[in-house]
Amino acid sequence: MNFPLILSPQMFLLALMCAYISKTLSGSFLNSILTQLERQFNLSTTLVGLINGSFEIGNLLLIVFVSYFGTKMHRPMLIAMGCITMGIGCFLQSLPHFLMDPYEYETTVSKTSNSSSNDFLCMRKETQIFTTTEDPSECTNEVKSSMWLYVLVGNIIRGIGETSIKPLGISYIEDFAKTENSPLYIGCLETGAIIGPLIGFLLGSYCVKMYVDIGSVNTDDLTITPADTRWVGAWWLGLLVCAGVNVLSGVPFLFLPKSLPKVGLETNMNIIEKDERNETKAEKRDITIDFLPLMKSLFCNRIYVLFLVTSILQFNAFVILFSFLPKYMEQQYGISASEAIFLIGIYNLTPVCFGYLAGGFIMKKFKINMKQAAYIAFCMSLLDYFLNMLCFLTVCDNSPVAGLTVSYEGTEQNVNMESNVLTDCNIDCNCQDKIWDPVCGNNNLSYMSACLAGCEAYFGTGVNMGFQNCSCIKSSKNASASLGLCGSTPACSLMLQYFLILSALSSFIYSLAAIPGYMVFLRSLKPKEKALGVGLHMLCTRIFAGIPAPIYFGVLVDYTCLHWGTLRCGKPGACRIYDSINFRTMYLGLSAILRGVSYVPALLIVFILRKQFLPAESNTTSFVEILPPTQLEMELSLTLTKYSKN
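Let us look at the structure shown here. Since the structure is predicted, the reported quantities are computational estimates derived from the model, not experimental observations. (Residues numbered from 1 in each chain as written. Predicted model: local features only at pLDDT ≥ 70, side-chain atom pairs only at ≥ 80, totals over all residues. Heavy atoms only, no water.)

### Overview of the overall build of the chain
- Secondary structure assignment for the chain yields 20 helices and seven strands.
- Taken over 646 residues, the chain has a buried fraction of 54%.
- Counted over contacts in the chain with a minimum sequence separation of 6, partners at least 24 positions apart contribute 79%.
- For the chain, the exposed surface amounts to about 28,000 Å²; the carbon and sulfur share of it is 64%. (Helix = DSSP H or I, 4+ residues; strand = E, 2+ residues; numbered from the N terminus. Buried < 20%, exposed > 50% of the residue type's maximum accessible area, 1.4 Å probe, protein only. Contact = heavy atoms within 4.5 Å. Areas by Shrake-Rupley, 256 points an atom, 1.4 Å probe, with all protein chains shown as cover.)

### Some thoughts on the pairing of strand β7 (residues 572-578)
- Most of β7 is tucked away: six of the seven residues are buried.
- Note that strand β6 (residues 561-566) and β7 share four bridges and pair antiparallel. Bridged to His 563 within β7 is Ile 577. (Pairing = 2+ DSSP bridges.)

### A word on the sheet that holds strand β1 (residues 439-441)
- The antiparallel open sheet is built from five strands, whose spatial order is β2-β1-β5-β4-β3. Edge strands, defined here as strands with exactly one partner in the open sheet, are β2 (446-447) and β3 (457-459).

### Brief notes about the nonpolar core
- By size, the foremost hydrophobic cluster in this structure holds 71 residues, and its most contacted members are Phe 41, Trp 235, Met 329 and Tyr 587.
- Counting the residues that make up this core, at least three belong to each of domain 1 (1-108 + 118-125 + 145-258) and domain 2 (293-397 + 488-616).
- The residues touching Trp 235, leaving out its near neighbours within four places in the chain, are Phe 29, Ile 33, Gln 36, Leu 37, Gln 40, Phe 41, Gln 93, Ser 94, Pro 96, His 97 and Val 212.
- Core analysis: the next-biggest nonpolar cluster, separate from the first, contains 33 residues, Cys 425, Leu 445, Cys 451 and Cys 455 among them. (Core = buried A, V, L, I, M, F, W, Y, C linked by side-chain atoms within 4.5 Å. Domains from an automatic or database assignment.)

### Some points on helix α6 (residues 148-162)
- Over its 15 residues, α6 runs 21 Å from end to end, which matches the ideal 21 Å to within 8%, given 1.5 Å per residue.
- Of all the residues in α6, the buried ones are Trp 148, Val 151, Leu 152, Gly 154, Asn 155, Arg 158, Gly 159, Gly 161 and Glu 162. (Expected span 1.5 Å × (residues − 1).)

### Things to note about a nonpolar patch on the surface
- Taken together, the side chains of Met 77, Met 81, Leu 248, Val 251, Leu 254 and Phe 255 define a hydrophobic patch exposed on the protein surface, amounting to about 580 Å² of accessible area.
- By the element assignment, Phe 255 lies in the loop between α9 (235-250) and α10 (269-299).
- You can call Phe 255 exposed: its relative accessible area is 58%. (Patch = residues over 30% accessible without salt bridge, like charges linked within 9 Å, V, L, I, M, F, W, Y side chains within 5 Å. Salt bridge = Lys/Arg side-chain N within 4 Å of Asp/Glu carboxyl O.)

### Brief notes about the packing of helix α12 (residues 325-333) against helix α15 (residues 490-523)
- In the contact formed by α12 and α15, the axes pass within 10 Å of each other and the chain directions differ by 155°. Relative to α15, the element α12 is oriented roughly antiparallel. Judged by residue contacts, Leu 325, Tyr 328, Met 329, Gln 332 and Tyr 333 of α12 engage Cys 492, Met 495, Leu 496, Phe 499 and Leu 500 from α15.
- Taken together, the residues of the contact of α12 with α15 sort by class into nine nonpolar, one polar and no charged. (Axes fitted to C-alpha atoms, helices over the stretch in contact; angles between N-to-C directions. Parallel < 35°, antiparallel > 145°, perpendicular 65-115°, else oblique. Nonpolar A, V, L, I, M, F, W, Y, C, P; charged D, E, K, R; others polar.)

### With respect to the environment of Pro 167
- Looking at the secondary structure, you find Pro 167 in helix α7 (residues 165-176).
- Along the backbone, Pro 167 and Ile 63 are 104 residues apart, and their C-alpha atoms lie at a distance of 9.9 Å.

### Concerning the pattern of salt bridges
- Taken as a whole and judged by the stated rule, the model has eight salt bridges.
- Among the ionic pairs, Glu 56 bridges to Arg 542, the shortest N-O distance being 3.1 Å. One end of the pair, Glu 56, is in helix α3 (residues 45-69); the other, Arg 542, is in helix α16 (residues 530-546), with 486 residues separating them in the sequence.
- For Arg 542, a relative accessible area of 10% puts it in the buried group.
- Its salt-bridge partner being Asp 437, residue Arg 230 comes within 2.9 Å of it at the nearest N-O pair. Taken together, the residues span a long stretch of sequence, with Arg 230 in the loop between α8 (182-209) and α9 and Asp 437 in the loop between α14 (370-389) and β1 at a distance of 207 residues. Asp 437 shares its class with Arg 230; the two are buried.

### Digging into the state of the cysteines
- Evaluation of the coordinates by the stated rule reveals seven disulfides.
- The disulfide partner of Cys 122 is Cys 429, and the gap between their sulfur atoms is 1.9 Å. Residues Cys 122 and Cys 429 are joined by a disulfide whose S-S torsion is about -65°; by sign, that bridge is left-handed. With Cys 122 in the loop between α4 (75-99) and α5 (136-141) and Cys 429 in the loop between α14 and β1, this pair connects stretches of sequence that are 307 residues apart.
- What makes Cys 122 buried here is its relative accessible area of 5%.
- For Cys 429, a relative accessible area of 1% gives the class buried. (Disulfide = S-S within 2.5 Å.)

### Overview of the packing of aromatic side chains
- Following the criterion strictly, the structure yields 23 aromatic pairs and no others.
- Both rings, one in Tyr 103 and one in Tyr 211, keep their centres 6.5 Å apart while their planes meet at 50°; by these two values the pair is tilted. Separated by 108 residues along the polypeptide, Tyr 103 in the loop between α4 and α5 and Tyr 211 in the loop between α8 and α9 bring together distant segments of the chain. Both residues of the pair, Tyr 103 and Tyr 211, count as buried. (Phe/Tyr/Trp six-rings, centres within 6.5 Å; stacked < 30°, edge-to-face > 60°.)

### Section: the side chain of Ser 94
- Examined against the element boundaries, Ser 94 turns out to sit in helix α4.
- With relative accessibility at 0%, the residue Ser 94 sits in the buried group.
- Leaving out residues up to four positions away in the same chain, Ser 94 has contacts with Trp 235, Trp 236, Leu 239 and Leu 240.

### Looking at empty space enclosed by the protein
- Counting across every chain of the model gives six cavities of 30 Å³ or more.
- Put simply, the largest cavity is a space of about 70 Å³.
- Surrounding the largest cavity, Asn 31, Ser 32, Leu 34, Thr 35, Glu 38, Val 48, Ser 323, Phe 324, Pro 326 and Lys 327 form its lining.
- Among the secondary structure elements, those contributing two or more residues to the lining of the largest cavity are α1 (9-32), α2 (34-40) and α12.
- The biggest single contributor to the lining of the largest cavity is α2, with three residues.
- Across the lining of the largest cavity, the residue classes break down as four nonpolar, four polar and two charged.
- Residue contributions to the lining of the largest cavity reach at least three from each of two domains, namely domain 1 (1-108 + 118-125 + 145-258) and domain 2 (293-397 + 488-616). (1 Å grid on protein atoms, 1.4 Å probe; cavity = no way out; pocket = protein on both sides within 12 Å on 5 of 7 lines; lining within 4 Å. Points joined across faces, edges and corners; volume = space filled by probe spheres on them.)

As structure tokens, this is what we get:
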């Protein structure tokens, strides 16, 4: 019985495109909720960076196996297993929400609407100093924050599952689709790779708006809003969606055969499978014999080594910029996590798509050769670098918090941790000086708590609660305050708009330079070197950039923290407020240094190509003809085929 639809490359392409969307969706969603995980589990940015880099660890565990043995196995079945494995990883990441107690944020204000306690106010008549007494069992419950390990392990499992999808999927298309159709098919896959992150960020923006324990707590009693640094959104809900989408995307591959008739050739299926087995054996034998000579040849290739160094430096900068962009926008411009995630999806991902299309069009239209491609990639990347430097001008001052960033009189001071929290106006209020429960005075100055603002009365409940008779607030009006930090100034909001415009232009120009840059890399390798060369490139960028970059930058970010949250038993929690000036210097400065150094080997590549005699490249040569179609390294190189001429 014939199933022409199921046995067609088009059906496989549709299934693979869905797998592309699902895997990139889950990856971008996890990146969008890193700050939520930090607050949920009271983690340092260093540990959050470890979670972020754990995906690459899982990817590396199977990359060698998939590289050399995946193509001789049942590829659709391996892809199905990979999708299901990613689904299991996403589900495991969401599991802590169902095993932990409801999230409790630090606050001095009673969370129940029927409570009449006012011990969170300035109690000058009380003679007893406040002391913390906690039930030992409650302190034991805080150990459950170690459940962040579920998220770490789940991300490793997700990385393991993702390993097989791109290389095996692309090689399957190359083996059984018409050669002239391959660029179109690869283009469809890359479109899915852009759609997935866009959906992921929009999903993240939606989930972060909802409170983490929605449905199990009365949200009317909450005293925090999504803009508060203690707010935790429904991160687990999006992970469940990602788990379901990943599993469903793997189902169609279960019904696809190991081999298909080559479209356009009248060939028997058994003959195809026999030829595949013979080619795989010969390929494996050649790789085993030629491994060391190929490695020597690669490291004697000056262009390859210089490009490898350039890629490692550039990828370090890229991981830092992209992974910590939501946190940077929250801290620098005072917007909520939901708003930051939404703006990233709109202003950063959309220009990337147009940049890839424009770069491919330029290569095809003007028949760019290797030397010209090197010039284009270098000049466009350098232009993007200088454009990024303008982000140093889109600055906002530290949020004015009395005792942290400014004095109680509103004048600037050195940002020392809680050095001046207690002053004459609140020294006799018996305040908790470690709890972060900020209020905004009507003098546009924030205070760490209503007690530290010297407030003696309150009105309202929940997020509408207000405070009166605040002795530390110097105002011509009634000295009053409301819950939450004071909002950003109009000037800071304008700086955000400038930053978004620069970010969109930078994303477009950077992606415009990517295609010519890959072209230089691929054309610098001999046919026998391409498989090992691209695989080694992927391996090095992950080991020296994808894994360590978020970790070491997380350590640097932790040094800029001004106030750490306080758990029930006095242990430090997640950071509540950063020194935005130092954070900006770390974030933009380190990435600028890394990218700046990368232009040294990149410039050497341009000089080498300029001196070498490079004959004009054939206009009829396509990347499909140059690259071996059944290697793992098609993952990177074949992204260019949609732009090349058949």
